[in-house]
Structures are given as structure tokens and as C-alpha cells.
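A closer look at the structure
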Amino acid sequence: ALGVTASVGIPAATESAVAVEGGESAHWTEEHVEEIELTDDNTAPVIDHEPDQISEDRLVWDTWPLRNRDGSMAQFNGWQIIFSLTADPNRPEVDVPGDRHDWARISYFYSRDGKSWQEGGVVLEEDEFLGDQTWAGSAMYDPDEEQIYHFYTAADSFPDVRQRLAVAVGGSIETGPHGVEITGPQEHHIIGEADGEMYQTFEQGDEQGMAHAFRDPWYFQHPETGEDLLVFEGNTPTGATVPGQDSWNGNIGVMRATSDDLTEWELLPPVLEAVGVNQELERPHYIFQNGNWYLFFITHEHTYAPGLQGPEGLHGFVGDSMYDPDMEPLNESSLVIANPEEEPFQAYSWDAMQHGSNMVAQSFLNFRGDIDSLDTIGDRSPEEQREIFGGTLAPSLKVNLDGDETRIVTEKADGYVPPSGGRGGNGR
Ligand code: FRU
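What counts, and at which threshold
- Residues numbered from 1 in each chain as written.
- Predicted model: local features only at pLDDT ≥ 70, side-chain atom pairs only at ≥ 80, totals over all residues.
- Heavy atoms only, no water.
- Helix = DSSP H or I, 4+ residues; strand = E, 2+ residues; numbered from the N terminus.
- Polar contact = N/O pair within 3.5 Å; in protein donor to acceptor, adjacent residues only side chain to side chain.
- 1 Å grid on protein atoms, 1.4 Å probe; cavity = no way out; pocket = protein on both sides within 12 Å on 5 of 7 lines; lining within 4 Å.
- Points joined across faces, edges and corners; volume = space filled by probe spheres on them.
- Nonpolar A, V, L, I, M, F, W, Y, C, P; charged D, E, K, R; others polar.
- Near = heavy atom within 4 Å.
- Areas by Shrake-Rupley, 256 points an atom, 1.4 Å probe, with all protein chains shown as cover.
- Sits in = over half its atoms within 2 Å of the grid points.
- Pairing = 2+ DSSP bridges.
- Axes fitted to C-alpha atoms, helices over the stretch in contact; angles between N-to-C directions.
- Salt bridge = Lys/Arg side-chain N within 4 Å of Asp/Glu carboxyl O.
- Buried < 20%, exposed > 50% of the residue type's maximum accessible area, 1.4 Å probe, protein only.
- pLDDT = per-residue confidence, 0-100.
- Contact = heavy atoms within 4.5 Å.
- Core = buried A, V, L, I, M, F, W, Y, C linked by side-chain atoms within 4.5 Å.

Turning our eyes to something else, we now look at the side chain of Ser25. Among the structural elements, Ser25 can be located in the segment before strand 1 (26-27). Engagement of the side chain of Ser25 in a polar contact is seen with the backbone oxygen of Pro270, the distance being 2.9 Å. Looking at Ser25, its side chain comes within polar contact range of the side chain of Glu273, at 3.2 Å.

In C-alpha cells:
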């Protein structure tokens with residue numbers, strides 16, 4: 001067992017008496033999805049301008065801010081930092097934008113105002129990271145240790161994209177009047193793998209013709225117990241043998257750190273399951289507000305089970321604890337942000353950040369134009385695919401959060417990340 005470290009306010013991560021116990025999952029159901037309807041409150045405005053490319057030579061998509069351990073935004077001498085998945089379109093592997101998922105690297109960007117981002121470069125050294133490429137994650141800065149913890153997905157290459165959860169620790173961060181430099185070697189550790197019982201393995205999915213997800217670790221400190229936790233995207237093993245409704249089996253999983261250095265973790269049961277509903281509950285994350293646990297995730301129009309429909313969107317649930325089987329979908333359907341019907345693929349990968357009594361959702365510019373489905377984009381010429389892909393940060397959206405209801409209030413600057421925002425803190 002770990003020793004209990006005395007600290008003010010938030011206790012250190014320990015296996016203490018107050019530790020969270022794995023509980024019953026909540027469910028995203030067909031009934032919820034049937035309530036999905038695009039309204040003024042949940043539909044993003046059409047993006048009517050050309051956002052600047054924040055990277056000179058890379059495609060940019062999933063993005064997350066550097067946060068402190070308590071979830072607030074990290075700042076260094078006035079600089080804010082974000083990390084993005086990026087791909088070099090000049091690599092032979094990245095012929096068309098859709099190929100970026102097979103050559104993903106994490107780059108960092110920094111800003112003084114949370115909206116004009118300067119490119120810093122790739123953050124995990126090429127010959128050090130685990131897996132063949134790095135998919136989405138989260139980043140936490142510990143000021144006492146002066147260290148960044150990079151949580152990421154160690155993903156293999158297509159077609160057998162096994163995914164494991166990893167952490168990279170180490171390196172240094174230097175700031176000056178003109179910018180930020182993150183350099184130096186890190187130590188990489190695998191911290192989580194699908195166990196085949198709570199979380200479907202690649203092999204189980206492969207045998208059953210089902211999608212495999214074990215990715216997108218998002219770090220947070222439990223607002224009451226102070227435990228170090230991660231939520232991630234997984235699948236529930238349903239034992240489906242023929243593609244049927246049960247093959248759409250997305251879930252949101254949880255892990256808890258069992259070592260102070262955050263290199264050892266244990267799997268806990270999922271907090272939300274969507275069996276028979278949707279196979280990908282991507283990039284899960286929380287906002288804590290007034291004792292409420294708001295759980296958000298993103299999903300695609302093409303990952304719903306047969307007979308169910310929804311847009312490319314951000315979804316959310318609200319409950320009063322981590323395992324709350326009575327957790328309610330926001331707005332009855334769970335839909336918080338949808339792309340508009342005129343531009344159904346204009347943005348994706350919304351990351352909701354607490355901002356006063358509102359939240360700001362940051363996202364990237366995906367495909368624009370007359371598109372029926374993401375699945376058919378590959379039928380177009382490579383030139384056309386490159387032309388319709390944004391590959392940079394989209395305008396962020398300010399969304400009002402009121403109990404179990406949300407409302408899009410206004411469009412913010414491209415790539416805006418609120419400097420004072422965070423994940424909220426249950427009134428702390
Ligand atoms: C969301 C996503 C993530 C994954 C990444 C891979 O856009 O599918 O779930 O980590 O993209 O590129």
C-alpha cells in the first residue's frame with residue numbers, strides 16, 4: 001500500500017478509505033438517441049471564414065490544453081500551451097487527409113492570448129514513443145516536480161491498429177519572452193491494456209468483425225478524494241458472433257493510478273456503456289460544476305448501430321458522482337453540439353472546458369463542402385480530398401451549461417482556449 005502524503009486541501013492519490021469503488025455503469029440508450037434533434041441550441045453556426053493554418057507544414061486535428069493537476073489551465077510566464085495530433089502530408093503514408101490517422105504525432109503550440117497559436121514542434125521523440133504512432137490523450141503539469149505527464153494512445157499501424165494507453169514523463173519546459181520550448185528525453189510506460197472482460201481486446205474485436213477502441217486517456221484528479229484517474233474510450237465485450245446490434249458496443253472506461261509516479265494503474269469498470277447504440281465514444285472528459293459531474297464525449301454519424309441516427313457531435317451526461325447509474329443525458333438526447341445540416345462535417349473533436357458558468361468547446365476544421373458521408377470521401381480524387389480538408393483549429397464555441405440543459409451562446413475565435421478555464425472543481 002502507498003503511504004498517505006499530507007497535503008493541504010486535496011489529498012494525494014492513495015488507496016485510502018475514501019477511494020472510489022468500481023460501480024454500475026450508466027447507459028446511453030436507443031431511447032436517448034431517438035430524442036436527437038438539431039435545434040438552435042445545439043447546432044453550430046456554419047463556419048463562414050477560412051481559419052488560419054496554425055501549423056506551417058502539418059495537418060492538425062485532435063487538440064488538448066496543458067492543465068495543472070487540479071484541472072486548471074497551466075500558464076508559464078503568461079504562456080498557454082496546447083497539444084495537437086499532427087501529420088506531415090509530405091510523408092508517403094499520408095497521401096490523403098484520411099491517412100493522417102496512420103502517421104499521427106503530437107505537436108505543441110503556445111499562445112499569450114489563448115487564440116493566436118505559434119508552433120513549437122513535435123513533443124515526443126521519434127525513437128522513444130511506444131506504438132507505431134501516437135493518438136489522442138491529455139497533458140498534466142505538476143509544478144512541484146516541474147514535469148509534464150503526457151498521456152497518449154500508443155497505436156499500432158493500420159490495418160491492425162491495436163491501442164494501448166501510455167504515459168511519457170520527463171523532459172524540460174523553458175519559457176522566454178518569445179516562446180516556449182519543450183525538449184529532452186522522456187520515459188515512456190504502458191499504463192493500460194484492454195483486459196478482455198471489461199474492455200474488448202483487439203483480438204476479440206477482430207474475430208467478431210467489430211471495431212476496437214482502447215484510446216484517448218484523459219487525466220483528472222477526483223474532485224473529492226484527490227485520486228489520480230483517467231477516463232478513456234473502450235468497447236464492451238459482448239461476445240457477439242455475427243454483426244448484430246450488440247456489435248455496436250462503445251463504452252467510457254476508467255483507470256486509477258496505483259503508484260505515486262503515475263506509471264502504474266488499475267482498470268475499473270466503465271462509467272458509461274452504449275451497447276446496441278454506438279461503437280465509438282471518443283475523447284471522454286469531465287467538467288465539474290456545483291457538485292455535478294458532466295461527462296462529455298464525441299461521436300460520428302457513421303458509428304451508430306443500424307436504425308439509429310445522429311450527427312457528428314459532442315454529447316454529454318450529468319450525474320452526481322463517477323458511478324451514477326442514474327446519470328442523465330444532457331438535453332434528454334445527450335446532444336450538446338452538432339454540425340449544421342448545410343455543413344455536416346465542418347468540425348469535429350470538440351473538447352469542452354469549464355469557463356465560469358459556461359463552457360468553451362474547442363475543435364478542429366474537418367471536411368467542408370457537399371459531402372454525404374465521411375465514408376465516401378475516399379471516392380474523391382486525392383487533390384479534392386486535400387482541398388476540402390481544413391486541418392487546423394476551428395472557431396471555438398461558447399456553450400451555456402445549466403443543470404441538465406445546454407445552449408450554444410456564441411462563436412469564439414478560431415482555436416480559442418479560455419486561459420482561466422479548466423475542468424471546474426466542485427466548488428473548491
Ligand atoms: C478522434 C480520434 C481519436 C483518436 C484520433 C486518431 O478524432 O478518432 O479517438 O485518438 O482521432 O487520429
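Next comes the rest of the write-up.
Attention shifts here to the layout of surface pockets. Taken as a whole, the largest pocket encloses approximately 950 Å³ of empty space. Every residue lining the largest pocket is counted, 36 residues in all, and those nearest its centre are His101, Phe158, Glu280, His300 and His302. Within the residue set of the lining of the largest pocket, elements represented by two or more residues are strand 2 (59-68), strand 6 (133-142), strand 10 (215-221), strand 14 (282-289) and strand 19 (347-355). Here the lining of the largest pocket is composed, by residue class, of 16 nonpolar, 11 polar and 9 charged.

Moving on: the site of the ligand. Every residue lining the ligand is accounted for by Trp61, Asp62, Leu85, His101, Trp135, Ala136, Arg215, Asp216, Glu233, Glu282, Tyr348 and Ser349. In the environment of the ligand, an oxygen atom lies 2.9 Å from a nitrogen or oxygen atom belonging to the side chain of Trp61. Here Asp62 contributes a side-chain N or O atom positioned 2.9 Å from an oxygen atom of the ligand. Against a free-state accessible area of 310 Å², the protein chains account for coverage of 95% of the ligand. Structurally, the ligand is housed in the largest pocket.

Before going further, it helps to spend a moment on the sheet that holds strand 6. Across the sheet, 8 strands lie side by side as 5-4-3-2-6-7-8-9; this open sheet has mixed pairing. The strands lining the two open edges of the sheet, one partner per strand, are strand 5 (118-122) and strand 9 (179-192). For this sheet the average axis-to-axis angle between neighbouring strands, irrespective of direction, equals 25°.

On to the pattern of salt bridges, then. What the rule picks out here adds up to 15 salt bridges. For Arg386, the salt bridge goes to Asp95, with nearest N and O atoms at 3.0 Å. Of this pair, Arg386 sits in helix 3 (residues 382-388) while Asp95 sits in the loop between strand 3 (80-87) and strand 4 (105-111); the two residues are 291 residues apart in sequence, bridging distant segments of the chain. Using a relative accessible area of 41% as the deciding quantity, one classes Arg386 as partly exposed. Accessibility expressed as a relative area gives 41% for Asp95, which makes it partly exposed. The salt bridge involving Glu280 is made with Arg215; its shortest N-O contact spans 3.7 Å. Of this pair, Glu280 sits in the loop between strand 13 (265-275) and strand 14 while Arg215 sits in strand 10, placing them 65 residues apart in sequence.

Moving on: the confidence of the model for the protein. Chain-level pLDDT for the protein is 92 on average; 95% of the residues reach the 70-or-more range. Below a pLDDT of 50 lies the segment residues 1-17, which in the model reaches 25 contacts outside its immediate sequence neighbourhood of four places, other chains included.

A few words now on the sheet that holds strand 11 (residues 228-235). Here 5 strands make up an open sheet; going across it, the order is 1-13-12-11-10 and the pairing mixed. Here the strands that pair on one side only, and so sit at the sheet edges, are strand 1 and strand 10.

Its place among the elements puts Pro223 in the loop between strand 10 and strand 11. By relative accessible area, which is 2% here, Pro223 ends up buried. In sequence terms Pro223 and Pro419 are 196 residues apart; their C-alpha atoms lie 20 Å from each other.

Glancing now at the nonpolar core. By size, the foremost hydrophobic cluster in this structure holds 65 residues, and its most contacted members are Ile81, Phe83, Phe296 and Ile337. Once residues lying within four places of it in the same chain are set aside, the contact partners of Phe296 are Arg283, Pro284, His285, Ile287, Leu314, His315, Gly316, Leu330, Val336, Ala352, Met359 and Leu401.

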